[in-house]
Amino acid sequence: MTTLAVGIRIIRDILVEYIDIDYSLWLTWLLTPLILSFLLPLVIILLFYTTAMILYIYKHREKLRGLSELDFWNRARKTVALLWDAHGWVWYGYEIEGLENLPDGGALIVYYHGTLPVDLYYFIARVYLMKNRLVQTVADRFLFNVPGWNIISEGIKVIPGTVNTCCQIVESGNLLAVSPGGVYEALFGDQSYPIMWKSRVGFAKVALQAKVPIIPMFTENVREAFRTMAPMKSLWLKLYNWTRLPFMPIYGGFPVKLVTHLGSPLLPSPTSTPQQLQKECAEAINALIEKHQRLPGCIMLAVADRFYRKPKRD
């Protein structure tokens, strides 16, 4: 082999090695944001299981120390609330506006359901820390089959919810949060923030029967924090209708600005029907959306809201 041929071979090997390294670096740089957008939702799962572990430890440790059930649950909830409130403050700059609209007695908090209702978790934590009141929650039944969920539902008072059970909770002077749209609204809503309640009026029956106010709740940019995959939406809808399980892929965890807005209390009229009260509540939440939410939602602008928030519309 001639000297020239050897030289050409060496240069070729160097170039190939350099190109391979450069391509690998470029590919890593290109795919990192995509990979992170699917991994960040796992942080919420990690927080959930950390919550379950904290509640489990408190439940068994404090019982051994002879504390009452009320005392050890209060301590456990305070620790868990600090964990979630810290995450909401650091990652989303979480705030609540309209906290004065929460009454001292029982009330039904009706909220718009984002892809992941992280706003509800931060809201429960902040209310517990600021007002020392536990906001109980109605959750979809499939969650009660998830490993570790039982201790969370016991400690944070999460229930599957029937009209009678919900009435007992609010009539006892407690706050109860419910989303009429539920998993359906979470998965199949979009950045235009449609309210997707179908004909669900259970919450309205509770408010009428228990004679308690409804507090409409909406969190600004909640659909920019997490989103669902738009392709094959009809397939995911068929799977959901068949199984009632949330198979639709979720991505996100973007550090957008989250601000929960609580509207003025709606006092049910004795002459109202559940359908009328549902419509009135939907209109109240729509009013909060139109006043506070950029439509359609934009992830980049929602992140920019961390530094400068748009002026409110009257």
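Residues numbered from 1 in each chain as written. Predicted model: local features only at pLDDT ≥ 70, side-chain atom pairs only at ≥ 80, totals over all residues. Heavy atoms only, no water.

K.L.:
Can you walk me through the sheet that holds strand E2 (residues 107–111) in this structure?
P.N.:
Hydrogen bonds along the backbone pair up the strands of a sheet, which may run parallel or antiparallel. Taken in spatial order, the 7 strands line up as E1-E9-E6-E2-E5-E3-E4 in an open sheet, and their pairing is mixed. Edge strands, defined here as strands with exactly one partner in the open sheet, are strand E1 (95–97) and strand E4 (158–159). When strand E3 (residues 135–138) meets E4, the two strands line up parallel, connected through 2 bridges. Note on E4: the bridge partner recorded for Val138 is Ile159. (Pairing = 2+ DSSP bridges. Helix = DSSP H or I, 4+ residues; strand = E, 2+ residues; numbered from the N terminus.)

K.L.:
Sorry if this is basic, but what is going on with the pattern of salt bridges here?
P.N.:
Think of it this way: side chains of opposite charge can pair up when their charged atoms draw near. Scanning all chains against the criterion turns up 4 salt bridges. A salt bridge links Glu95 to Lys257, with the nearest nitrogen and oxygen atoms 2.5 Å apart. Here the residue Glu95 occupies a position in strand E1, and Lys257 occupies one in the loop between strand E8 (250–252) and strand E9 (259–262), the gap between them amounting to 162 residues. Looking at Glu95, the relative accessible area reads 31%, which means it is partly exposed. Between Asp305 and Arg294 there is a salt bridge, with its nearest N and O atoms 3.1 Å apart. Placement of Asp305 in the segment after helix H12 (299–304) and of Arg294 in the loop between helix H11 (274–292) and H12 is noted, with a sequence separation of 11 residues between them. The same class applies to Asp305 as to Arg294, namely buried. (Salt bridge = Lys/Arg side-chain N within 4 Å of Asp/Glu carboxyl O. Buried < 20%, exposed > 50% of the residue type's maximum accessible area, 1.4 Å probe, protein only.)

K.L.:
Explain the nonpolar core to me, please; I cannot follow it from the model alone.
P.N.:
In summary, soluble globular proteins display a tendency toward joint burial of nonpolar side chains. Membership of the largest hydrophobic core comes to 51 residues, with the highest contact counts inside it found for Ile44, Trp84, Leu102, Ile109 and Phe123. Counting residues per element, the ones that place at least two in this core are helix H2 (41–64), helix H3 (69–92), E2, helix H4 (118–131), helix H5 (149–156), strand E5 (175–178), strand E6 (214–220) and H12. Ranked by residue count, the leading element in this core is H4, at 9 residues. For Leu102, the contacting residues outside a window of four places in its chain are Ile109, Phe123, Val127, Lys131, Leu175, Ile215 and Leu262. With 31 residues, the next largest nonpolar core counts Tyr112, Ile159, Val170 and Leu208 among its residues. (Core = buried A, V, L, I, M, F, W, Y, C linked by side-chain atoms within 4.5 Å. Contact = heavy atoms within 4.5 Å.)

K.L.:
How should I be thinking about the packing of aromatic side chains in this particular structure?
P.N.:
Aromatic ring pairs are described here by two measures, namely the spacing of the ring centres and the angle between the planes. Within this structure, the stated rule accounts for 16 aromatic pairs. Relative to Tyr122, the ring of Tyr94 lies with its centre 5.7 Å away and its plane at 50 degrees, an arrangement referred to as tilted. Residue Tyr94 is found in the loop between H3 and E1, and its partner Tyr122 is found in helix H4; the two are separated by 28 residues along the sequence. Centroid distance Tyr193 to Phe218: 5.6 Å. Interplanar angle 80 degrees. Geometry classified as edge-to-face. Of this pair, Tyr193 sits in the loop between helix H7 (182–188) and helix H8 (202–210) while Phe218 sits in strand E6; the two residues are 25 residues apart in sequence, bridging distant segments of the chain. By relative accessible area, which is 0% here, Phe218 ends up buried. Ring-pair connections join several aromatic residues into one group, and the members of that group are Phe48, Trp84, Tyr92, Tyr94, Tyr121, Tyr122, Phe144 and Trp149. (Phe/Tyr/Trp six-rings, centres within 6.5 Å; stacked < 30°, edge-to-face > 60°.)

K.L.:
Whenever I open this one, the environment of Ala207 confuses me. Can you help?
P.N.:
Relative to the elements of secondary structure, Ala207 occurs in helix H8. Considered as a pair, Ala207 and Pro274 are 67 residues apart in the sequence and their alpha carbons are 8.8 Å apart.

K.L.:
Which parts of the structure should I look at to understand the side chain of Arg77?
P.N.:
Note on placement: Arg77 falls in helix H3. A relative accessible area of 11% means that Arg77 is categorised as buried. Here Arg77 is in contact with Tyr128, Leu134, Glu154, Gly155, Ile156 and Lys157, once residues within four sequence places are set aside.

K.L.:
Even after reading the chapter, I still don't get the packing of H8 against H11, so can you show me in this structure?
P.N.:
When two helices pack together, you describe them by how their axes are tilted relative to each other and by the distance separating the axes. Running from amino to carboxyl end, H8 crosses H11 at an angle of 105 degrees, the nearest separation of the two axes being 8 Å. Compared by their axis directions, H8 and H11 come out roughly perpendicular. Here Phe203, Ala204, Lys205, Ala207 and Leu208 of H8 come into contact with H11, specifically with Pro274, Leu277, Gln278 and Cys281. Here the contact of H8 with H11 is composed, by residue class, of 7 nonpolar, 1 polar and 1 charged. (Axes fitted to C-alpha atoms, helices over the stretch in contact; angles between N-to-C directions. Parallel < 35°, antiparallel > 145°, perpendicular 65-115°, else oblique. Nonpolar A, V, L, I, M, F, W, Y, C, P; charged D, E, K, R; others polar.)

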